[in-house]
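Coordinate inspection notes
Each chain, written out:
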Amino acid sequence: MVSEELKSKLQQITQQEIYKVIVSKPSDKAAKYRKIEIEKKSSGYQAAAYTQKQVFHEKIEPDGLLDYLSGRVGSEFLQLNAWDGNSEYMLLISKKGKVTYRCKKQAEGAAKVQESHNRKKKYLLEEGTVIPPLVDMGVFTADGKVVRTMYDKFRQINRFLEIIEDGVRDYPYNHLNIIDFGCGKSYLTFILYYYFAEIKKMNVQIVGLDLKEDVIKNCNLAAEKYGYHNLHFELGDINGYQTPFPVDMVVTLHACDTATDYALYNAVQWDAKMLFSVPCCQHELNGQIKTEQFSLLTRYGIIKERFSALATDAIRANLLEVCGYKTQLLEFVDFAHTPKNILIRAVQKKIVPRAVKQNYLTEVEHMMEEFHFTPTLYGLLKDSGKI
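Numbering of residues starts from 1 in every chain and runs along the sequence as written. Totals for whole chains, interfaces and linings use every residue, but because this is a predicted model, local features are given only for residues with pLDDT of at least 70 and side-chain atom pairs only at 80 or more, for both listing and counting. Water and hydrogen atoms play no part in the side-chain values, which are based on all heavy atoms of the structure.

Looking at the packing of helix α5 (residues 151-168) against helix α6 (residues 187-199)
Fitted lines through C-alpha atoms give the axes, limited to the stretch in contact for helices. The angle between two N-to-C directions lies from 0 to 180 degrees. Per the convention used, a helix needs a DSSP run of H or I reaching at least four residues, while a strand needs a run of E reaching at least two, with both numbered from the N terminus. Where α5 meets α6, the axes come as close as 11 Å, and the angle between the chain directions of the two elements is 50°. Accordingly, the angle class assigned to the pair α5 and α6 is oblique. Relative to α6, α5 is oriented so that their crossing is right-handed. Between α5 and α6, the residues in contact are I157, F160, L161, I164, E165 and V168 and L188, I191, L192, Y195 and F196, respectively. A breakdown of the residues in the contact of α5 with α6 according to their chemical character gives 10 nonpolar, no polar and one charged. These descriptions rest on fixed angle ranges, namely under 35 degrees for roughly parallel, over 145 for roughly antiparallel, 65 to 115 for roughly perpendicular, and the rest for oblique. Each crossing is labelled by how the near helix is turned from the far one, with a counterclockwise turn of less than a right angle marking it left-handed and a clockwise turn marking it right-handed. Two residues form a contact once any of their heavy atoms are found within 4.5 Å. Charged means Asp, Glu, Lys or Arg here, nonpolar means Ala, Val, Leu, Ile, Met, Phe, Trp, Tyr, Cys or Pro, and polar covers whatever is left, Gly included.

Spelled out as structure tokens, the structure:
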């Protein structure tokens, strides 16, 4: 039974704007749970009770926190820590039932952590706005709300747009011509068009290119349905494609193996201002790589595979630098969701000193010599005189 003193202190704490509670120090060594962590959610609170190997979740109603804590603190657990952004509240209960209460003001930095915890992240695509492609994708409901099970996909789409936005922020024109190589079902292509045409109010033209006839047909029907008049899709190969307009941006998402190299090569040939590429299935170097000096990188299959993939993208980035692009390798989505999480972002620079270009090229050629491979992008650029 909770003492009046303990009940009074619990009431005092739960009357604050508490955003986090940790209940710890089990009263019995054989207790099922080691600790319980409680966090504020939009619909109340959520408790996570930890055993040695598992965690069990329980929802707490907005006005149920006091009852929840009263049933556990002082009986099952002997310590409570709670935070409201301004102060930390601590309760300690001795085995004889003595209650010790402390309240400590938090430092400014800790208060900012709480502020950040409660602040709703502002996305480029706002929930509550009906975006037809997101509705058809099952990410949004018909009234523009994010489907609960699709929040990860919603965040990934916004992350993609954030990376694009950072690349075009200093772009001086109000129009964009974009080629999307290997567009597939074009989920992100439709979102890209919506973002530039509807949100940024830019005059944008996008051509999506893929090898699957049925995919192209369905994408064109969808573009017509949405009223996206400057978005259309064509059947064709990345290699040797002739553009219908001067290209400002090239996007290539998950173009398999050397298809990415042909896309990057064509972008350079067209003097595209920006490139955004998420490579996929980098098998080429894995089949060529040999080394005596660094054999530990090729001895184990999984290490060889991952090193080859990383080396492929590092070489691509260097070669784009040689061609006059400021190039970054960015995390596209969290590695927990997909291992294909590197995005190459390259934006044309006005002037790159010849010595800088030569240094990037030398690094690539030293790696080629050491590991006995010839990347496709290197060969394409070399043959065309770009490097």
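Past the structure itself, the notes keep going.
Here's the deal with helix α1 (residues 4-14)
Relative accessibility under 20% of the residue-type maximum defines a buried residue, over 50% an exposed one, and the middle range a partly exposed one, all with a 1.4 Å probe and only protein chains included. When α1 is considered as a whole, its buried residues turn out to be L6, L10 and I13. Each buried residue of α1 sits inside an arc of 60° when the element is viewed along its axis, so together they form one side. Elements in contact with the buried residues of α1: α2 (65-70), β5 (77-83), β6 (87-93) and β7 (99-105). Think of the arc as the fan of directions from the helix axis to the C-beta atoms.

Section: the environment of S295
Within the secondary structure, S295 is located in the loop between β12 (274-280) and α9 (301-322). For S295, a relative accessible area of 27% corresponds to the partly exposed category. Sequence separation between S295 and Y193 is 102 residues; the distance between their C-alpha atoms is 47 Å.

Considerations on the nonpolar core
Only buried residues count toward a nonpolar core, which is a set of Ala, Val, Leu, Ile, Met, Phe, Trp, Tyr and Cys residues joined through side-chain atoms within 4.5 Å. Of all hydrophobic cores here, the largest spans 49 residues; its most connected members are F160, F196 and M249. Among the elements that make up this core, the one with the highest residue count is α6 (nine residues). Ignoring anything within four residues of it in the chain, the contact list for F196 reads I164, V168, L176, I178, K201, M202, V204 and M249. Ranked by size, the runner-up nonpolar core spans 39 residues in total, among them V207, I238, L275 and M368.

Describing a nonpolar patch on the surface
A cluster of nonpolar side chains, namely Y300, I302 and I303, defines an oily patch on the protein surface of about 290 Å² accessible area. I303 sits in the partly exposed class, given a relative accessible area of 38%. Surface patches are defined over residues having more than 30% relative accessible area and no salt bridge, joining like charges when they lie within 9 Å and nonpolar side chains (Val, Leu, Ile, Met, Phe, Trp, Tyr) when within 5 Å. Here the accessible surface of atoms and residues is derived via Shrake-Rupley with a 1.4 Å probe, and residues count as covered only by protein chains that are part of the display. By definition here, a salt bridge exists when the distance from a side-chain nitrogen of Lys or Arg to a carboxyl oxygen of Asp or Glu is within 4 Å.

Observations regarding the sheet that holds strand β13 (residues 325-331)
By the convention used here, strands pair only if DSSP detects at least 2 bridges between them. Ordered in space as β10-β9-β8-β11-β12-β14-β13, the seven strands form an open sheet in which the pairing is mixed. Only two strands of the sheet have a single neighbouring strand rather than two, namely β10 (231-235) and β13. Looking at each pair of strands side by side, their axes are set apart by 15° on average, direction ignored. Alignment of strand β8 (residues 175-181) against strand β9 (residues 203-210), held across seven bridges, turns out to be parallel. In the strand pairing of β9, D180 is matched with G208. Packing against the sheet, α5 makes contact with β11 (249-256), β12, β13 and β14 (342-348), and its axis sits at approximately 20° to β14. Contacts from helix α8 (residues 259-269) reach β8, β11, β12 and β13 within the one sheet, and its direction differs from that of β11 by about 170°.

Description of the sheet that holds strand β4 (residues 55-60)
Judged by pairing direction, the sheet is antiparallel, and its seven strands sit side by side in the order β4-β3-β2-β1-β5-β6-β7 without closing on themselves. Strand pairing shows two members of the sheet lacking a second neighbour, β4 and β7, which therefore form its edges. Strand-to-strand twist of the sheet, defined as the mean angle between neighbouring strand axes without regard to direction, takes the value 15°. Note: strand β1 (residues 20-26) against strand β2 (residues 35-41), four bridges, orientation antiparallel. For K20, the partnering residue across the bridge sits in β2 and is E39. Each of β5, β6 and β7 touches α1; the most contacted strand, β6, lies at about 165° to it.

Remarks on helix α10 (residues 354-371)
One fewer than the residue count of a helix, multiplied by 1.5 Å, yields its expected span. Along its 18 residues, α10 runs 26 Å from first to last C-alpha, staying within 8% of the 26 Å computed at 1.5 Å per residue. Listing the buried residues of α10 in full gives L361, V364, M368 and F371. The arc that holds the buried residues of α10, viewed along the axis, is 100°, so those residues lie on one side. Residues of α10 that are exposed and point over 90 degrees away from its buried face: A355, H366 and E369. Check the buried side of α10 and you find it contacts α9 and α11 (376-383). Directly after α10, the chain includes H372, whose backbone phi takes a positive value near 55°.

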